[in-house]
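Structure at a glance
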Amino acid sequence: MTSKRIVLHFPHRLVDQPIVYKLVKDFNLSFNILKASVTPQEEGLMVLELSGQDADFKKGMDYLQSSGLKIQPLSEDVKRNQAKCTDCGVCVPICPVQALAVDPTNRKVIFYEDKCIACELCIKICPAHAMEIHF
Ligand code: SF4
Ligand code: SF4
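Residues numbered from 1 in each chain as written. Chains lettered and ligands numbered in written order. Predicted model: local features only at pLDDT ≥ 70, side-chain atom pairs only at ≥ 80, totals over all residues. Heavy atoms only, no water.

A look at the sheet that holds strand β4 (residues 70–73)
Put simply, the rule is: Paired strands, in this sense, are two strands between which DSSP finds at least two bridges. Numbering of helices and strands runs from the N terminus; a helix is a DSSP stretch of H or I covering at least four residues, while a strand is a stretch of E covering at least two. Each axis is a line fitted through C-alpha atoms, taken for helices only over the stretch in contact, and angles between the N-to-C directions span 0 to 180 degrees. Residue contacts are counted whenever heavy atoms from the two residues lie within 4.5 Å of one another.
Spatially, four strands are ordered β2-β3-β1-β4 in an open sheet, and the strand pairing comes out antiparallel. With one partner strand each, in any of the chains shown, β2 (30–38) and β4 form the two edges of the open sheet. Between one strand axis and the next, the sheet turns by 25° as a mean value, whatever way the strands run. With four bridges joining them, strand β1 (residues 2–10) and β4 adopt antiparallel strand pairing. Each residue of the ladder has a partner; that of His-9, found in β4, is Lys-70. Running at roughly 10° to strand β3 (residues 44–52), helix α1 (residues 19–27) makes contact with β1, β2 and β3 of the sheet.

Topic: the environment of Arg-107
To keep it simple, the criterion reads: To sort residues, take the accessible area from a 1.4 Å probe on protein chains only and compare it with the maximum for the residue type: under 20% means buried, over 50% means exposed, and anything in between is partly exposed.
Turning to its location among the elements, Arg-107 is positioned in the loop between β6 (100–102) and β7 (109–111). On the accessibility criterion, Arg-107 (58% relative accessible area) is exposed. Sequence separation between Arg-107 and Cys-88 is 19 residues; the distance between their C-alpha atoms is 9.1 Å. In this view, Arg-107 contacts Asp-87 and Val-102; residues no more than four positions away in its chain are not counted.

Observations concerning the environment of Leu-74
As for its position among the elements, Leu-74 is in the loop between β4 and β5 (77–80). Between the C-alpha atom of Leu-74 and that of Leu-50, which follows or precedes it by 24 residues, the distance is 12 Å. Look past the residues within four positions of Leu-74 in its chain and what remains in contact with it is Arg-5, Ile-6, Val-7, Val-47 and Ile-117.

Overview of the domain arrangement of the chain
Here is the rule we go by: Domain limits in this description derive from either an automatic procedure or a database domain assignment. Summed over both partners, the accessible surface that disappears when two parts come together, traced with a 1.4 Å probe, is what is meant by buried area. In the analysis that follows, any N or O atom pair within 3.5 Å is treated as a polar contact, provided that within protein one partner can donate a hydrogen and the other can accept it, and provided that, for residues neighboring in sequence, both atoms belong to side chains. Under the scheme applied, nonpolar residues are Ala, Val, Leu, Ile, Met, Phe, Trp, Tyr, Cys and Pro; charged residues are Asp, Glu, Lys and Arg; polar residues are all the others, including Gly.
Structurally, the chain comprises domain 1 (2–73) and domain 2 (77–134). With centres defined by C-alpha atoms, the gap from domain 1 to domain 2 works out at 25 Å. Taken together, the two surfaces of domain 1 and domain 2 that pack against each other cover about 760 Å², and 63% of this comes from carbon and sulfur. Here domain 1 and domain 2 share zero residue pairs in polar contact (both at pLDDT 80 or more) between them. Within the side of domain 1 that touches domain 2, the residues separate by chemical class into four nonpolar, five polar and one charged.

A few points about the pattern of salt bridges
How we decide: Whenever a carboxyl oxygen of Asp or Glu lies within 4 Å of a side-chain nitrogen of Lys or Arg, that contact is scored as a salt bridge.
Inspection of every chain in the model, using the stated rule, returns five salt bridges. Here Lys-22 ties to Asp-26 by a salt bridge, and the two come within 3.3 Å at their closest N and O atoms. Residue Lys-22 and its partner Asp-26 are located together in helix α1, separated by four residues, close to a single helical turn. Take Lys-22: its relative accessible area is 32%, and that puts it in the partly exposed class. Residue Lys-108 pairs with Asp-87 through a salt bridge whose shortest N-O separation is 3.7 Å. Of the two residues, Lys-108 is situated in the loop between β6 and β7 and Asp-87 in the loop between β5 and β6; the sequence distance between them amounts to 21 residues. Exposure remark for Asp-87: the relative accessible area of 23% places this residue in the partly exposed category. Sharing partners across several salt bridges, the network here consists of Lys-22, Lys-25 and Asp-26.

A few points about the packing of α1 against helix α2 (residues 54–66)
Just so we agree on the cut-off: In a left-handed crossing the near helix is turned counterclockwise from the far helix by less than a right angle, and in a right-handed crossing that turn is clockwise.
Relative orientation of the contacting elements α1 and α2 amounts to 145°, with a least axis distance of 10 Å. At the point where α1 passes α2, the crossing takes the right-handed sense. Every residue of α2 that contacts α1 at Ile-19, Lys-22, Leu-23 and Phe-27 is listed here: Asp-56, Lys-59, Gly-60, Tyr-63 and Leu-64. Tallied by class, the residues present in the contact of α1 with α2 amount to five nonpolar, one polar and three charged.

Right under this line is the structure:
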């Protein structure tokens, strides 16, 4: 039995496709959707807990990869380098799960690490390079 938490990035052309349904029907996998959203770039993003027999799980992952999705294990850890962050707020609207937010009392940007799904969007956009990914 294999059970993993993964992040799926759906390109725009695949957002409407019944990809998760096929994982259940064709590969006998069970899933629990932890988060799902469409990013400002209209990329679909889904965090799943996926479980099944080892062979089925491997086939299901092969199917996901061949469909053109980007698959990311949820073992990556995003950290903010406080010394570099200027609280500019650029990262706040880009975060698909509201893990970055402006504190209305002092206009500082708060990072809720427990909400972060390691999509890396803030890492690409942060002008101060304050958001870092650790493996
Ligand atoms: S974009 Fe970077 S510098 Fe600006 S608030 Fe976010 S983490 Fe801080
Ligand atoms: S990597 Fe950045 S943008 Fe993505 S979920 Fe985590 S905090 Fe939000």
